[in-house]
Amino acid sequence: MKKYLVTGGAGMIGSNLVKRLVKEGNEVFVIDNLWRGKTEYLHDKTGKPVIPLETHFFNYDLLEPGIAENVISKVDYVVHLADIVAGIDYVFNNQSLLFRQNIFINSNVITSVRKFKDSIKGLIYVGTACSFPLTRQNSLDVIPLREDELYPALPESAYGWSKLMGQYETELLEKETGIPTCTLMFHNVYGSPCDFGERSQVIPALIRKAINYPTEPFNVWGSGEQGRAFIHVDDVVNGLMLALEKGWGHGHIQLGPSVCTSIKEIVEAVVDISGKKIDVFYDTTKPEGDKARSADYSKAKSILGWEPTVGLRAGLEQQYNWIKSKLIVENEIVVSFLGDVASIPTAHNVGTKKVFITNEQCESNVTQVASGELIKGDVIENHQHNSMEEFYIINEGTCVFSINNIDYSCTPGTFLKIPAKTFHSLNATSDLRFVYWGVSI
Ligand SMILES: NC(=O)c1ccc[n+]([C@@H]2O[C@H](COP(=O)([O-])OP(=O)(O)OC[C@H]3O[C@@H](n4cnc5c(N)ncnc54)[C@H](O)[C@@H]3O)[C@@H](O)[C@H]2O)c1
């Protein structure tokens, strides 16, 4: 069993990597200050953390020098993913802040790794395609980028510069201490779990707008002509796993497809997946960043045996469904409900027979409460609740279920408010013991 530290391990790429490392029998520690990550991203489908959070998760701010040392002292390998990453809006409005923070985060981690040069077996640093010179990304006629075009350096954004500085310091570390390193330069990564709020990147932001439409207008930053080489997080995790095995000592390696996809093409795919008729507005007053780019991934192929495997449409559908499930849950969670879980009467009812009782602790319009049990495969529409207009579920144990083919997992005590229409299509994908209230029509 090998021991790993994944910094930024509660983020999009980090949490997927942690799950993969754990699945392959390794011991994994995580440092993340939860600026954008969430510990729930480290849960498996049943809602259980894949690492023991009390002993293996550290809510540390890597801006503090030396803070990672006690964790680095315990591990064989460090995969350094923590950094400020965000959508174009945040990046262009916070250039100095982001530049300084990433420089400090990266330098602090690399300096701490240096102190353990006798025990650390390797450091993976993660760079970005944004560090390539803007002169190679300012035309719609895309010639795939090669690793040897990185210098002379001229990234377009503070983000690209800051990531490049960390890459340079990683090279110095290897040269001066002999600690094996590998820098993987990712193109635009998408997938779940991910931030889809104000600081999110283009794909999750577009998906959120499509799901919320027409409540939220479907505005696209820039002309839509600009293009990127989008790569699914599963492919990126494959690349990281391969790099941990055979990436050492080869300098920087790009991970991304050779195809450049325009934002307009992403918009069309997302609108199509939504099944809605959406008025798209391209806001050309907003920045759109580099014009276009893609990757010549022949170095990744020859050294790591890496190639992209997830098709863009399939990846987008998966991410769309994930964000939709989160938006429903976020919007529907009841936070101000009166009464507490422990006081809810249980075991009134097993199987399909229901007993409704009054729960005096509930809000006045919530007049009835019931509990029940579904076994795997049971569909709630078999149960009759015609007098109800909406339901509140509280799980008594961890459970997994789906509504309209979207998977949910809930930990004990989770409040979920579900409109009757959707509640009736709830399908238990694990045994599910629950308590619910019905609001009378
Ligand atoms: N997502 C992409 O398109 C992309 C492309 C190229 C490179 N990368 C790189 O991959 C890495 C992971 O990116 P991601 O997409 O998973 O982003 P993410 O935001 O989901 O993950 C980054 C994590 O770092 C954490 N973090 C930020 N500041 C911290 C601090 N001061 N101390 C401790 N933790 C901190 C955040 O909370 C977050 O969980 C980053 O280094 C990023 O630059 C990402």
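Residues numbered from 1 in each chain as written. Predicted model: local features only at pLDDT ≥ 70, side-chain atom pairs only at ≥ 80, totals over all residues.

**Here's the deal with the overall build of the chain**
Line of reasoning, step 1. If you tally the helices and strands in the chain, you get 12 helices and 20 strands.
Line of reasoning, step 2. Burial status across the chain gives 42% buried among its 441 residues. (Helix = DSSP H or I, 4+ residues; strand = E, 2+ residues; numbered from the N terminus. Buried ≥ 20, exposed ≤ 12 C-beta atoms within 10 Å, placed from the backbone.)

**Brief notes about the site of the ligand**
Line of reasoning, step 1. Around the ligand sit 29 residues in total, of which G8, G11, I13, G37 and F186 are the nearest.
Line of reasoning, step 2. Sorting the residues of the shell around the ligand by element identifies α1 (12-23), β5 (122-128) and β7 (188-190) as the ones contributing at least two each.
Line of reasoning, step 3. Per-class residue counts for the shell around the ligand are 16 nonpolar, 8 polar and 5 charged. (Near = placed C-beta within 6 Å. Nonpolar A, V, L, I, M, F, W, Y, C, P; charged D, E, K, R; others polar.)

**Some thoughts on the sheet that holds strand β3 (residues 57-58)**
Line of reasoning, step 1. Pairing in this open sheet of 7 strands is parallel, and the strands run β3-β2-β1-β4-β5-β6-β11 from one edge to the other. Of all strands in the sheet, those with a lone pairing partner are β3 and β11 (252-255), marking the two edges.
Line of reasoning, step 2. Looking at chain direction, strand β1 (residues 3-7) and strand β4 (residues 77-80) are connected through 4 bridges and run parallel. Within β4, the position partnered with Y4 by the bridge is Y77. (Pairing = 2+ DSSP bridges.)

**Here's the deal with the packing of helix α5 (residues 95-115) against helix α6 (residues 158-177)**
Line of reasoning, step 1. α6 packs onto α5 with a crossing angle of 15° between their chain directions and a minimal axis gap of 8 Å. Relative to α6, the element α5 lies roughly parallel. In terms of crossing hand, the pair formed by α5 and α6 is right-handed. Where α5 abuts α6, its residues Q95, S96, L98, F99, N102, I103, N106, S107, I110, V113 and R114 lie against A158, Y159, W161, S162, K163, M165, G166, E169, T170, L173 and T177.
Line of reasoning, step 2. Split by residue class, the contact of α5 with α6 holds 10 nonpolar, 9 polar and 3 charged. (Axes fitted to C-alpha atoms, helices over the stretch in contact; angles between N-to-C directions. Parallel < 35°, antiparallel > 145°, perpendicular 65-115°, else oblique. Left-handed = near helix turned anticlockwise from the far one by under 90°. Contact = placed C-beta atoms within 7 Å.)

**A word on the nonpolar core**
The tendency in soluble globular proteins is for nonpolar side chains to be buried side by side.
Line of reasoning, step 1. Counting 91 residues, the largest nonpolar core has I124 and L184 as the members making the most contacts within it.
Line of reasoning, step 2. Looking at this core, the element that brings in the most residues is helix α7 (residues 202-212), giving 7 residues.
Line of reasoning, step 3. Discounting chain neighbours no more than four positions away, the residues touching I124 are V79, H80, C182, L184, L240, A243 and L244. (Core = buried A, V, L, I, M, F, W, Y, C linked by C-beta atoms within 7 Å.)

**Topic: the pairing of β5**
Line of reasoning, step 1. For β5, the tally of buried residues reaches 7 of 7 residues, placing the bulk of the element in the interior.
Line of reasoning, step 2. Side chains G122, I124, V126 and T128 project from β5 onto one buried face, and the interleaved L123, Y125 and G127 project onto a second face that is buried too.
Line of reasoning, step 3. Pairing of β4 with β5, which is carried by 4 bridges, proceeds in the parallel orientation. The residue of β5 that forms the bridge with V78 is L123.
Line of reasoning, step 4. Here β5 pairs with strand β6 (residues 181-186) via 6 bridges, running parallel. Residue T128 lies in a different strand from β6, and its bridge partner there is F186.
Line of reasoning, step 5. Read as a crossover between parallel neighbours, the route from β5 over α6 to β6 is right-handed. (Right-handed = clockwise from strand over helix to strand, strands pointing away.)

**Section: helix α9 (residues 263-274)**
Line of reasoning, step 1. In a regular helix each residue adds 1.5 Å, so 12 residues correspond to 16 Å; α9 covers 16 Å between its end C-alpha atoms and thus fits that length.
Line of reasoning, step 2. Taken together, the buried positions of α9 are occupied by I263, I266, V267 and V270. On an axial view of α9, the arc spanned by its buried residues comes to 100°, and they lie on one face.
Line of reasoning, step 3. Once α9 ends, the next one or two residues include G275, with phi positive near 70°. (Expected span 1.5 Å × (residues − 1). Arc of directions from axis to C-beta.)

**What about the pairing of strand β2 (residues 27-31)?**
Line of reasoning, step 1. Counting buried positions along β2 yields 4 of 5 residues, so the element is predominantly enclosed.
Line of reasoning, step 2. Bridging between β1 and β2 involves 5 bridges; their strand directions are parallel. Considered in β2, the bridge of V6 is made with V30.
Line of reasoning, step 3. In this structure, β2 lies alongside β3, joined through 2 bridges in parallel fashion. Along β3, the bridge assignment pairs I31 with F58.

**What about the environment of T170?**
Line of reasoning, step 1. You can see T170 is positioned in helix α6.
Line of reasoning, step 2. Overall, the presence of 26 C-beta atoms within 10 Å leaves T170 in the buried class.
Line of reasoning, step 3. Separated by 47 residues in sequence, T170 and L123 have C-alpha atoms that sit 8.3 Å apart.
Line of reasoning, step 4. For T170, the contacting residues outside a window of four places in its chain are I110, L123, Y125, T181 and T183.

**As for the confidence of the model for the chain**
Line of reasoning, step 1. Per-residue confidence for the chain gives a mean pLDDT of 82; residues scoring 70 or more make up 74%.
Line of reasoning, step 2. Note that pLDDT drops below 50 for residues 329-372; the model gives that stretch 72 contacts with residues more than four away or on any other chain.
Line of reasoning, step 3. Note on residues 435-441: pLDDT is under 50 here. Beyond four places in sequence and across chains, it has 32 contacts. (pLDDT = per-residue confidence, 0-100.)

**Quick word on α5**
Line of reasoning, step 1. Taking 1.5 Å per residue as the helical rise, α5 with its 21 residues ought to reach 30 Å, and the 31 Å between its terminal C-alpha atoms agrees with that figure.
Line of reasoning, step 2. Within α5, the full set of buried residues consists of L98, N102, I105, N106, N108, V109, I110, S112 and V113.
Line of reasoning, step 3. Packing partners of the buried residues in α5 comprise β1, α3 (69-72), β4, α4 (88-93), β5 and α6.

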